[in-house]
Structure formats: structure tokens, C-alpha cells
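# Structure at a glance
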Amino acid sequence: MGCLGNVLWFLCGGFLGGLGWTLAGCLWCITVIGIPVGMQCFKIAGLAFFPFGKEVVYGGGTMSFLVNMVWLAVSGIYLAAEHTVFGCILCVTIVGIPFGIQHFKLAKLALMPFGSDVI
């Protein structure tokens, strides 16, 4: 199911969601200070392209909280809005509900990506 789910996901919004994360990563990597943020974006882009069979574990501390606040102001709101819109569109049909749920999980991750691990 994971392989088939990932192929269908890629065709039904996963490609555009992953491109959003990749673009955010490239923009963050322009500056030296933003490279760690960009690297986290690239890790999450891999999840956004193929989410089935992977899990996100949240954690972190004070530094993660501070970076998440800067992230939220610069890139997080836009990526969360993108995934929320895709999720709402996909949840209109019964077949699209599992894909919509994955978009909602990615929207949550877009709001606080630092201190989380993709397993």
C-alpha cells in the first residue's frame, strides 16, 4: 500500500507540495545563516514528495522554539496555507480523504518543523 499510495500521492498534489518545500529550502540556503533551515526544508521535501510509510516525531527545546518562530513569520504560514488548501480540496471526495489527511499533517509540520524528526 505504501508504494501505491506514494505514487498516487505524487500525482495528486505531492509534487506541488514538495516543490514548495524545495523552493523554501533553496531560498533559505542563499545565506550562510539560513543553511541549517534550508537543510531541514530539504528533509521535509522528501517527506512531502513521498509521505506514506514515514512518521514524524515532534520534540525540541528552546532553540527549536525560537527558530520555529522565525520560520513561521518567513515561510511557515505560506507552506501551511498551501497544504491546508490542498487538503480541503482532496477531502471533498471519499477517495481523496487519505491524501487530504496527509496534507493536513504536512500543514502542521509546516508550522513547527524544527525539533521534529522524520522516521
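Residues numbered from 1 in each chain as written. Predicted model: local features only at pLDDT ≥ 70, side-chain atom pairs only at ≥ 80, totals over all residues. Heavy atoms only, no water.

### Focus on the packing of aromatic side chains
We apply this condition: Note on aromatic pairs: the rings of Phe, Tyr and Trp (six-membered ring only in Trp) are paired at centre separations within 6.5 Å, and the planes decide the class, stacked below 30 degrees, edge-to-face beyond 60, tilted for the rest. A run of H or I in DSSP becomes a helix once it reaches four residues, and a run of E becomes a strand once it reaches two; helices and strands are each numbered from the N terminus. Burial classification: accessible surface area is computed with a 1.4 Å probe over protein chains only, and a residue below 20% of its type maximum counts as buried, one above 50% as exposed, and the rest as partly exposed.
A full pass over the atoms with the stated rule returns eleven aromatic pairs. On the basis of an interplanar angle of 45 degrees and a centroid distance of 5.9 Å, the ring pair of F10 and F49 is categorised as tilted. Here F10, found in helix α1 (residues 2-28), pairs with F49, found in helix α2 (residues 35-49); they are 39 residues apart in sequence, far enough to count as distant. The class of F10 is partly exposed, set by a relative accessible area of 27%. Both rings, one in F10 and one in F50, keep their centres 5.4 Å apart while their planes meet at 15 degrees; by these two values the pair is stacked. Here F10 is found in helix α1, whereas its partner F50 is found in the loop between α2 and β1 (56-58), with 40 residues between them in sequence. Three or more aromatic residues joined by ring pairs form one cluster here, namely F10, F15, F49 and F50.

### Some thoughts on the nonpolar core
Here is the rule we go by: To form a nonpolar core, buried Ala, Val, Leu, Ile, Met, Phe, Trp, Tyr and Cys residues must be joined to one another through side-chain atoms within 4.5 Å. Any two residues whose heavy atoms approach within 4.5 Å at even a single point are treated as in contact.
Counting residues in hydrophobic clusters, the biggest one holds 20 residues, and the most contacted among them are W21, C41, W71, L79 and L106. Of all elements in the fold, only α1, α2, α3 (62-90) and α4 (97-111) reach the threshold of two or more residues within this core. In terms of residue count, α2 provides more of this core than any other element does, six residues in total. When sequence neighbours within four positions are dropped, the list of residues in contact with L106 reads W9, W21, L47, A48 and H83.

### Some remarks on the environment of F10
Residues F10 and F49, spaced 39 residues apart in sequence, show a C-alpha to C-alpha distance of 6.0 Å. Leaving out residues up to four positions away in the same chain, F10 has contacts with F15, F49 and F50.

### Structural notes on α1
It helps to recall that an α-helix has 3.6 residues per turn; residues three or four apart then point in one direction. Rule in force here: Take the residue count of a helix, subtract one, and multiply by 1.5 Å to get its expected span. The angle between axes fitted to the seven-residue stretch ending at a residue and the seven-residue stretch beginning at it gives the bend at that residue.
Taking 1.5 Å per residue, 27 residues should reach 39 Å; α1 reaches only 31 Å between its end C-alpha atoms and comes up short. Along its length, α1 reaches its greatest deviation from straightness, about 70 degrees, at G13. Along α1, the positions that sit buried rather than exposed are G5, N6, W9, G13, G14, G17, G18, G20, W21, A24, G25 and W28. Each element contacted by the buried residues of α1 is listed here: α2, α3 and α4.

### Observations regarding a nonpolar patch on the surface
To keep it simple, the criterion reads: Each patch is assembled from residues with relative accessible area greater than 30% and no salt bridge, linking like charges that lie within 9 Å and nonpolar side chains (Val, Leu, Ile, Met, Phe, Trp, Tyr) that lie within 5 Å. The Shrake-Rupley method, run with a 1.4 Å probe sphere, supplies the accessible areas, and residue values consider only the shown protein chains as cover. One side-chain nitrogen of Lys or Arg within 4 Å of one carboxyl oxygen of Asp or Glu is enough to make a salt bridge.
On the surface, a nonpolar cluster with roughly 500 Å² of combined accessible area is contributed by Y58, I77, Y78, L111 and M112. In this fold, Y78 is placed in helix α3.

### Focus: the layout of surface pockets
Our working definition: Both site types are read off a 1 Å grid over the protein atoms alone. A 1.4 Å probe that fits but cannot get out defines a cavity, while an open set with protein on both sides within 12 Å along at least five of seven lines defines a pocket; lining residues have an atom within 4 Å of a point. Grid points are joined across faces, edges and corners, and a volume is the space filled by probe spheres set on the points.
A volume near 180 Å³ is recorded for the largest pocket. Surrounding the largest pocket, L47, P51, K54, E55, V56, Y58, Q102, K105, L106, K108 and L109 form its lining. For the lining of the largest pocket, the elements supplying multiple residues, two or more each, are β1 and α4. Considering each element in turn, the lining of the largest pocket owes the most residues, five residues, to α4.

That's the geometry; what it means functionally is another story.
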